[in-house]
Amino acid sequence: MAKLLVLHGPNLNLLGEREPEVYGRVTLAEIDADLRARTEAAGHTFESLQSNAEHELVERVQAARNDGTAVMVVNPAAFTHTSVALRDALAGVAVPFYEVHLSNPHAREPFRRHSYFSDLALGVVCGFGADSYRYALDTALARLATRPD
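Residues numbered from 1 in each chain as written. Predicted model: local features only at pLDDT ≥ 70, side-chain atom pairs only at ≥ 80, totals over all residues. Heavy atoms only, no water.

- Under the annotation held in an unreviewed UniProt entry, the protein carries the name 3-dehydroquinate dehydratase and is attributed to Lysobacter spongiicola DSM 21749.
- Taken directly from UniProt, the Subunit (unreviewed entry) text for the protein runs: "Homododecamer." (UniProt positions renumbered as here; feature names shortened; annotations may be inferred.)

Written out as structure tokens, the structure reads:
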């Protein structure tokens, strides 16, 4: 049994209400419930954290280094384009992760087209709404199923 950690960045607590034409109508609670069910059905432990505070996400990433977290799914949200601190934390702990975005940042404003995380991530899934999380999770679970214990 492995631990899978999902991190949600700023403003994702407003999913379902905030700009539904961009981010959809699925709530964060619905996304987490689906991810939890899939993870537990695969025999693993699920944990998630949403925070609007950069330092809380950094601290959680640092804790993942020693708490049995095997893989992470990370939606840095607006921190994608601004957070060297979160990038450094992810690089420093060396826990593999997948980067997720609900919208396609490459089809949006120019400032959204640069990610501080993509070059560190095992993969990037974007533009599929809430399904982006599921696609990243399915890949993470497949990785866990094939890793040697």
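### As for the overall build of the protein
Part 1 of the argument: Of regular secondary structure, the protein possesses 5 helices and 5 strands.
Part 2 of the argument: Helices (α) and strands (β) of the protein occur, in sequence order from the N terminus, as β-α-α-β-α-β-α-β-β-α.
Part 3 of the argument: Relative to the compact-globule value of 15 Å for 149 residues, the protein shows a C-alpha radius of gyration of 14 Å, a close match.
Part 4 of the argument: Dimensions of the protein, computed from C-alpha atoms along their principal axes, come out at roughly 45 × 30 × 25 Å.
Part 5 of the argument: Put simply, of all contacts in the protein between residues at least 6 apart along the chain, 76% involve residues at least 24 apart.
Part 6 of the argument: Per element, the accessible surface of the protein, about 7300 Å² overall, is 50% carbon and sulfur. (Helix = DSSP H or I, 4+ residues; strand = E, 2+ residues; numbered from the N terminus. Rg over C-alpha atoms; globule rule 2.2 N^0.38 Å. Contact = heavy atoms within 4.5 Å. Areas by Shrake-Rupley, 256 points an atom, 1.4 Å probe, with all protein chains shown as cover.)

### A word on the UniProt feature "site: Transition state stabilizer" (unreviewed entry) in the protein
Part 1 of the argument: In the numbering used here, UniProt assigns the feature "site: Transition state stabilizer" (unreviewed entry) to Arg18.
Part 2 of the argument: Classification of Arg18 as partly exposed rests on a relative accessible area of 24%.
Part 3 of the argument: Those residues in contact with Arg18 that lie beyond four places of it in its chain are Asn11 and Tyr23. (Buried < 20%, exposed > 50% of the residue type's maximum accessible area, 1.4 Å probe, protein only.)

### Regarding the side chain of Glu99
Part 1 of the argument: Residue position: Glu99 is located in strand E4 (residues 97-101).
Part 2 of the argument: Within the buried core, Glu99 has no salt-bridge partner, and the shortest N-O distance to an opposite charge, that of Arg87, equals 8.3 Å.
Part 3 of the argument: For Glu99, the side chain forms a polar contact with the side chain of His101, separated by 2.6 Å.
Part 4 of the argument: Not counting chain neighbours up to four residues away, the residues in contact with Glu99 comprise Val74, Pro76, Thr80, Ser115, Phe117, Ser118, Ala121, Gly123, Val124 and Val125. (Lys, Arg positive; Asp, Glu negative; His and termini not counted. Salt bridge = Lys/Arg side-chain N within 4 Å of Asp/Glu carboxyl O. Polar contact = N/O pair within 3.5 Å; in protein donor to acceptor, adjacent residues only side chain to side chain.)

### Let's talk about the pattern of salt bridges
Part 1 of the argument: Across all of its chains, the model carries 8 salt bridges by this definition.
Part 2 of the argument: Here Glu47 ties to Lys3 by a salt bridge, and the two come within 3.7 Å at their closest N and O atoms. Here Glu47, found in strand E2 (residues 45-50), pairs with Lys3, found in strand E1 (residues 3-8); they are 44 residues apart in sequence, far enough to count as distant.
Part 3 of the argument: A salt bridge links Arg87 to Asp119; its shortest N-O distance comes to 2.7 Å. Placement of Arg87 in helix H4 (residues 84-93) and of Asp119 in the loop between E4 and strand E5 (123-126) is noted, with a sequence separation of 32 residues between them.

### Observations concerning the sheet that holds strand E3 (residues 69-75)
Part 1 of the argument: Strand order in this open sheet of 5 strands is E2-E1-E3-E4-E5, and the pairing throughout is parallel. With partners counted over all chains shown, the strands left at the sheet margins are E2 and E5, one partner each. Taking the axes of each pair of neighbouring strands and ignoring which way they run, one obtains an average angle of 20° across the sheet.
Part 2 of the argument: As paired elements, E3 and E4 share 3 bridges and run parallel to each other. Residue pairing across strands places Met72 opposite Phe97, the latter belonging to E4.
Part 3 of the argument: The sheet strands contacting helix H3 (residues 54-64) are E1, E2 and E3, and the helix crosses E1 at an angle near 165°.
Part 4 of the argument: The sheet strands contacting helix H5 (residues 131-146) are E1, E3, E4 and E5, and the helix crosses E4 at an angle near 170°. (Pairing = 2+ DSSP bridges. Axes fitted to C-alpha atoms, helices over the stretch in contact; angles between N-to-C directions.)

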